[in-house]
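# Coordinates in review
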Amino acid sequence: MKKPMNPDDMHPLVDRMTPEEHFQAIASLAEKDPQAAQTVAAWYRQRSELKALHVDVLKEPIASSLLQAANRLSASRQNVARGWSHFGIAASVLVAFSVGWFSHGQLSARQGSSATLAKATVEQEFVRQAGFAHAVYMPEKRHPVEVDASEQDHLIQWL
């Protein structure tokens, strides 16, 4: 026993509110189901009768007040869409600026710390060499600066 066609499938068939390929599939199902075909035919007649009943209303020009309201609604939607577009651009600029500012701060902090570290390393090296110089020259009564080239034996022994 076949399952009867669903009315939700028959309505788009009568109203032609489906893509053509889907319409053909539903139409072939309706032809195979006699009760569905009868229902679809009755709905077609009803639709035609309603259109014929109100044909003069369908041919009337649209009231200017309705056209103005539709135009205002359309303009309002365009303004809202434009506003969201501008908001999106502003948000993108703000995010890009924030990322740049934050990255610059991080980079500066790293460079500053590496420069401080390099400076500290140079200063530490200077202090270390000064300590060696102090250890070497402090016990000497006569400093190597004061030793003449004629006292080469004394200088070699000292070194």
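Residues numbered from 1 in each chain as written. Predicted model: local features only at pLDDT ≥ 70, side-chain atom pairs only at ≥ 80, totals over all residues. Heavy atoms only, no water.

### Regarding the packing of helix α1 (residues 7-15) against helix α3 (residues 34-53)
Interaxial distance between α1 and α3 falls to 10 Å at its minimum, and their mutual angle equals 40°. In terms of orientation, α1 and α3 fall into the oblique class. The element α1 and its partner α3 pack so that their crossing is right-handed. Facing Pro-7, Met-10, His-11, Leu-13, Val-14 and Asp-15 of α1, the residues of α3 in contact are Ala-36, Thr-39, Val-40, Trp-43, Tyr-44 and Arg-47. When its residues are assigned to classes, the contact of α1 with α3 shows eight nonpolar, two polar and two charged. (Axes fitted to C-alpha atoms, helices over the stretch in contact; angles between N-to-C directions. Helix = DSSP H or I, 4+ residues; strand = E, 2+ residues; numbered from the N terminus. Parallel < 35°, antiparallel > 145°, perpendicular 65-115°, else oblique. Left-handed = near helix turned anticlockwise from the far one by under 90°. Contact = heavy atoms within 4.5 Å. Nonpolar A, V, L, I, M, F, W, Y, C, P; charged D, E, K, R; others polar.)

### A closer look at the nonpolar core
Counting eight residues, the largest nonpolar core consists of Met-5, Met-10, Leu-13, Val-14, Ile-26, Ala-27, Ala-36 and Val-40. Per element, the largest residue contribution to this core is three residues, and it comes from α1. (Core = buried A, V, L, I, M, F, W, Y, C linked by side-chain atoms within 4.5 Å. Buried < 20%, exposed > 50% of the residue type's maximum accessible area, 1.4 Å probe, protein only.)

### Considerations on the environment of Pro-7
Considering the arrangement of structural elements, one finds Pro-7 in helix α1. Taking the C-alpha atoms as reference, Pro-7 lies 9.0 Å from Thr-39; in sequence the two are 32 residues apart.

### Here's the deal with the confidence of the model for the protein
In the predicted model, the protein carries a mean pLDDT of 77, and 77% of its residues have values of at least 70. Mean pLDDT in the protein bottoms out at helix α2 (residues 20-32), which sits at 72, and peaks at α3, which reaches 84. (pLDDT = per-residue confidence, 0-100.)

### Concerning α1
Within α1, the full set of buried residues consists of Met-10, Leu-13 and Val-14. Considered in projection along α1, the buried side chains sweep an arc of 95° and stay on one side of the axis. The positive-phi residue at the C-terminal boundary of α1 is Arg-16, with phi of around 55°. (Arc of directions from axis to C-beta.)

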